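Coordinate inspection notes
Spelled out, the chains give:
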Amino acid sequence: IVKLLINSGLRVGELCALDRTDVEISERAGVVEVRSGKGGKSRAVPLNVEARRALVTWLDWRGPYTTSSDREFLLGADALFIGLDGCRLTARGVQYLIKDYGRRANVTIIPHQLRHYFAKSLIDAGANLVEISKLLGHTSINTTSIYTQPGPADLERAVSRLDY
């Protein structure tokens, strides 16, 4: 979940709404289809190698359901991510997991920070605001610019370019 959020910029609700069929992975490419994004919009988000590896590991561990009776029994059978009860993982469940992982690592973190990290990492890697806006599912670049605000290190680098 963390690797997918940090490498795709998905909203928590989008992540929770994913079904297994929304993910396509091959050795060299992958994509996740967001069917129910904010405002009812859909989009395809390409997956980098890190996200693909994490999803393959998860899907291998989770395994397929085998019969129609299994599918009917498991309320989360189609869901990509399920909780211990076999039901689709909820946004609250993801928030709890991320908070718990952060606590274990001695940092305070919420899932939405991973979305900001994704956007800022793309800026740092040379992506432009239009590309990032598309990946995040924003209709306005102004919204995207909020996610890509420079930090102190960015400002220091900018000023250091003036060294004569």
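These notes cover the structure that comes with them. (Residues numbered from 1 in each chain as written. Predicted model: local features only at pLDDT ≥ 70, side-chain atom pairs only at ≥ 80, totals over all residues. Heavy atoms only, no water.)

1. A word on helix α6 (residues 111–124)
Spacing of three or four residues puts side chains on the same side of an α-helix, whose turn is 3.6 residues. Operational definition: The numbering of helices and of strands both runs from the N terminus, where a helix is a DSSP run of H or I of at least 4 residues and a strand a run of E of at least 2. To estimate the expected span of a helix, count its residues, drop one, and scale the result by 1.5 Å. Relative accessibility decides the category of a residue: with a 1.4 Å probe and only protein chains considered, values under 20% of the type maximum give buried, values over 50% give exposed, and everything between is partly exposed.
For α6, built from 14 residues, the straight-helix expectation of 20 Å at 1.5 Å per residue is met to within 8% by its first-to-last C-alpha distance of 20 Å. Among all positions of α6, only P111, L114, R115, F118, A119, K120 and L122 are buried. Immediately beyond the C-terminal end of α6, within one or two residues, lies G126, with a positive phi of roughly 100°.

2. With respect to the packing of α6 against helix α7 (residues 129–136)
Worth spelling out the cut-off: For helices, the fitted axis covers only the stretch in contact; all axes are lines through C-alpha atoms, and the angles between them, taken along N-to-C directions, range from 0 to 180 degrees. In these notes the angle categories are as follows: under 35 degrees is roughly parallel, over 145 is roughly antiparallel, 65 to 115 is roughly perpendicular, and the rest is oblique. Take the far helix as the reference: if the near one is turned anticlockwise from it by less than a right angle, the crossing is left-handed, and if turned clockwise, right-handed. The contact definition used throughout considers only heavy atoms, calling two residues in contact when any of these lie within 4.5 Å. Residues were grouped as follows: Ala, Val, Leu, Ile, Met, Phe, Trp, Tyr, Cys and Pro as nonpolar; Asp, Glu, Lys and Arg as charged; and all remaining residues, including Gly, as polar.
Closest axis-to-axis distance for the α6/α7 pair is 10 Å, and the angle between their directions is 155°. By the criterion of interaxial angle, the relationship of α6 to α7 is roughly antiparallel. Crossing of α6 over α7 shows right-handed handedness. Here R115, F118, A119, L122 and I123 of α6 lie close against α7, whose contacting residues are L129, I132, L135 and L136. Its residues assigned to classes, the contact of α6 with α7 shows 8 nonpolar, no polar and 1 charged.

3. A short note on the pairing of strand β3 (residues 43–46)
Stated formally: In this description, strands pair whenever DSSP reports at least two bridges between them.
Of the two faces of β3, the one lined by R43 and V45 is fully buried and the one lined by A44 and P46 carries no buried residue. Inspection of the sheet shows strand β2 (residues 30–34) paired to β3 by 4 bridges, in the antiparallel sense. In the strand pairing of β3, V32 is matched with V45.

4. Topic: the pattern of salt bridges
Stated formally: Every case where a carboxyl oxygen of Asp or Glu lies within 4 Å of a side-chain nitrogen of Lys or Arg is listed as a salt bridge.
Throughout the structure, instances matching the rule amount to 11 salt bridges. Residue R11 is joined to E14 by a salt bridge in which the shortest nitrogen-to-oxygen separation is 2.6 Å. Among the residues examined, R11 registers a relative accessible area of 16% and is labelled buried. Taking the shortest distance from any N to any O, the salt bridge between D154 and R157 comes out at 2.4 Å. A residue pair is termed a helical-turn pair when its members lie 3 or 4 positions apart in one helix, as D154 and R157 do in helix α9 (residues 152–160) at 3 residues. Residue R157 is classed as partly exposed on the basis of its relative accessible area, which comes to 42%.

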